[in-house]
Amino acid sequence: AVVSTQSGHYGRGTLEYYLFRAGDQLEYRKKIRPLRVKMLDDSIKTILIDDSHNVKEVIKAICERIGINNPDEFSLVVENLQADDAKNATLRKDKTSGLQERDRKKMETLRKKLHTDDDILWLNHEKSLREQGIPDDQMLLLRKKLFFSDINVDRNDPVQLNLMYIQDNTCVLNGTHKVSQEDAITLSAIRVQIQFGNHDENKHKKGFLELKDLLPTEYRKIPGMEKKIFAEHRKLIGMTELNGKLRYIKYCRELKTYGVTFFLVKEKMKGKNRLVPRLLGITKEKVMRVDEKTKEVIQEWQLTTVRRWAASPNSFTLDFGDYS
């Protein structure tokens, strides 16, 4: 529609008030539209949203619809973005500018292997979907981003309990949560109970389990793992699906990497003019230096000890003063 301004009035209800002029072109769009949202269990919900709202309000509407009581801890992710997408390419280039090409490729490979948050394209909560270039047919993934009140999640909140269980399981399988062999067996046994119910000697025999769906990569080819999982599974007779998910989440909460947002960074070696890869972990309470290979915590500081910080396109500096 082409704007025609002939009224001569400049009240709040006129186009002139909003700085439109004769000859400007307007595009009419629906204010209320359906948005397809993918859950971590791969189910898809279609929810009516107000397209003029920012993402924070959209998330609030989604969570209200599906029964989540703490929307501030969730966010929306652009999933399956192509690697050569212009926006993504720009982000990658900015983050590694100044590094040698070989170093850049090494960091990219390591970042993908470690499943850090660098490549998760979280949407900005203060802008609308349209302001961020999200087309109407784009499906978005609802995912937990912050971990503040999750300790209060129990059987009375089955929707969020299920989402947290799926996200925790994904983090265990892809190595985001580094677990010992004993932990991996225990968690796998709980998953078997959730999925297949009580142990049945006639059914649960060698070859029944798909270990790739239960164990992190480093434990899948160890002989006797299925037997050990079944041994733990026998101890869980009578556990319901809901109680199983709750136990799985509680077990994961005790892991050192639970609730940590990881970023792959380059850290200057003390006394040397050399940069080495390192994981920077941030939680609701502290900042952590983590070994990028073993996921062992090297050093940690409470957030209350941060004296000051500074950021530039290629560096991030934290000053802990006397706590360094």
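Source: prediction; values computed, not measured. (Residues numbered from 1 in each chain as written. Predicted model: local features only at pLDDT ≥ 70, side-chain atom pairs only at ≥ 80, totals over all residues. Heavy atoms only, no water.)

Draft legend 1. Summary view of the overall build of the protein chain. Of the regular secondary structure elements, the protein chain holds seven helices and 10 strands. Looking at the 324 residues of the protein chain, the share that counts as buried comes to 40%. Long-range pairs, those at least 24 residues apart, make up 54% of the contacts in the protein chain between residues at least 6 apart in sequence. About 19,900 Å² of surface is accessible on the protein chain, with carbon and sulfur atoms providing 50% of the total. (Helix = DSSP H or I, 4+ residues; strand = E, 2+ residues; numbered from the N terminus. Buried < 20%, exposed > 50% of the residue type's maximum accessible area, 1.4 Å probe, protein only. Contact = heavy atoms within 4.5 Å. Areas by Shrake-Rupley, 256 points an atom, 1.4 Å probe, with all protein chains shown as cover.)

Draft legend 2. Region of interest: helix α5 (residues 181-196). For α5, which comprises 16 residues, the first-to-last C-alpha distance of 22 Å matches the rise-based estimate of 22 Å (1.5 Å per residue) to within 8%. Most of α5 sits inside the fold, with 12 of its 16 residues counted as buried. Looking at α5, one finds that the buried residues are Asp-183, Ala-184, Ile-185, Thr-186, Leu-187, Ser-188, Ala-189, Ile-190, Arg-191, Val-192, Gln-193 and Ile-194. Where the residues of α5 are buried, they touch α4 (158-173), α6 (225-233) and α7 (241-253). After α5 finishes, the residue Gly-197 shows a positive phi value of roughly 80°. (Expected span 1.5 Å × (residues − 1).)

Draft legend 3. Layout of the side chain of Asp-157. Tracing the backbone through its elements, the reader meets Asp-157 in the loop between β4 (140-144) and α4. At 8.6 Å, Lys-144 is the nearest oppositely charged side chain to Asp-157, a buried residue that forms no salt bridge. Of note is the side chain of Asp-157, whose polar atom sits 3.0 Å from the side chain of Gln-160. Asp-157 has contacts with Gly-67 and Asn-69, leaving out every residue within four places of it along the chain. (Lys, Arg positive; Asp, Glu negative; His and termini not counted. Salt bridge = Lys/Arg side-chain N within 4 Å of Asp/Glu carboxyl O. Polar contact = N/O pair within 3.5 Å; in protein donor to acceptor, adjacent residues only side chain to side chain.)

Draft legend 4. Layout of the pattern of salt bridges. Tallied over the full model, the rule gives 17 salt bridges. Salt-bridge contacts for Asp-50 lead to Lys-31; the nearest nitrogen and oxygen are separated by 2.5 Å. Here the residue Asp-50 occupies a position in strand β2 (residues 44-50), and Lys-31 occupies one in the segment before β1 (32-38), the gap between them amounting to 19 residues. Here Arg-33 ties to Asp-136 by a salt bridge, and the two come within 3.4 Å at their closest N and O atoms. Of this pair, Arg-33 sits in strand β1 while Asp-136 sits in the loop between α3 (101-114) and β4, and the two are 103 residues apart along the sequence. When salt bridges that share partners are traced, they join Arg-33, Asp-51, Arg-130 and Asp-136 into one network.

Draft legend 5. Inspection of a positive patch on the surface at higher detail. Taken together, Arg-102, Lys-106, Lys-113, Lys-272, Arg-274 and Lys-293 make up a surface patch of like positive charges. With respect to the secondary-structure elements, Lys-293 resides in the loop between β7 (286-290) and β8 (297-302). Owing to a relative accessible area of 68%, Lys-293 belongs among the exposed residues under this scheme. (Patch = residues over 30% accessible without salt bridge, like charges linked within 9 Å, V, L, I, M, F, W, Y side chains within 5 Å. Charge placed at Lys NZ, Arg CZ, Asp CG, Glu CD.)

Draft legend 6. Seen up close, the nonpolar core. In terms of nonpolar packing, the biggest core is built from 36 residues, with Val-179, Leu-209, Leu-215, Ile-229, Tyr-248 and Cys-252 touching the most fellow members. Contributing elements (two or more residues each) for this core: α4, α5, α6 and α7. With seven residues, α5 is the largest single contributor of residues to this core. Cys-252 has contacts with Asp-168, Val-172, Leu-187 and Tyr-258, leaving out every residue within four places of it along the chain. (Core = buried A, V, L, I, M, F, W, Y, C linked by side-chain atoms within 4.5 Å.)

Draft legend 7. View of unusual backbone geometry. Its identity is not glycine, yet Asp-42 carries a phi of approximately 75°, on the positive side. By the secondary structure assignment, Asp-42 is in the loop between β1 and β2. Look at Lys-295: it is not a glycine, yet its phi comes out positive at around 65°. Within the fold, Lys-295 resides in the loop between β7 and β8.

Draft legend 8. Fine view of the confidence of the model for the protein chain. Residues with a pLDDT of 70 or more make up 89% of the protein chain, whose mean pLDDT is 84. Under a pLDDT of 50 for its full length, residues 1-5 has, in the predicted model, 16 contacts with residues more than four places off or in other chains. Low pLDDT (under 50) marks residues 82-97, which in the prediction has 15 contacts with non-local residues, meaning those over four places away or in another chain. (pLDDT = per-residue confidence, 0-100.)

Draft legend 9. Region of interest: the pairing of β1. Sheet topology note: the β1/β2 ladder contains seven bridges and is antiparallel. Bridged to Arg-33 within β2 is Ile-49. Remark: five residues form the turn of the hairpin made by β1 and β2, two consecutive strands paired antiparallel; Asp-42 in that turn has positive phi of roughly 75°. Pairing analysis gives two bridges linking β1 to β4, with the strands arranged parallel. Across the sheet, residue Lys-38 finds its bridge partner in β4, namely Leu-141. (Pairing = 2+ DSSP bridges.)

Draft legend 10. View of the packing of aromatic side chains. Tallying each qualifying case throughout the model produces four aromatic pairs. Judged by centre distance (4.3 Å) and plane angle (10°), the rings of Trp-301 and Phe-320 are stacked. One end of the pair, Trp-301, is in strand β8; the other, Phe-320, is in the segment after β10 (315-319), with 19 residues separating them in the sequence. Taking the relative accessible area as the measure of exposure, Trp-301 reaches 11% and is therefore buried. For the ring pair Trp-309 and Phe-316, a centre distance of 6.0 Å and an interplane angle of 40° mean the geometry is tilted. Here the basic side chain of Lys-295 rests over the ring of Phe-262, its NZ or CZ set 5.1 Å away from the ring centre. (Phe/Tyr/Trp six-rings, centres within 6.5 Å; stacked < 30°, edge-to-face > 60°. Lys NZ or Arg CZ within 6 Å of the ring centre and 35° of its normal.)

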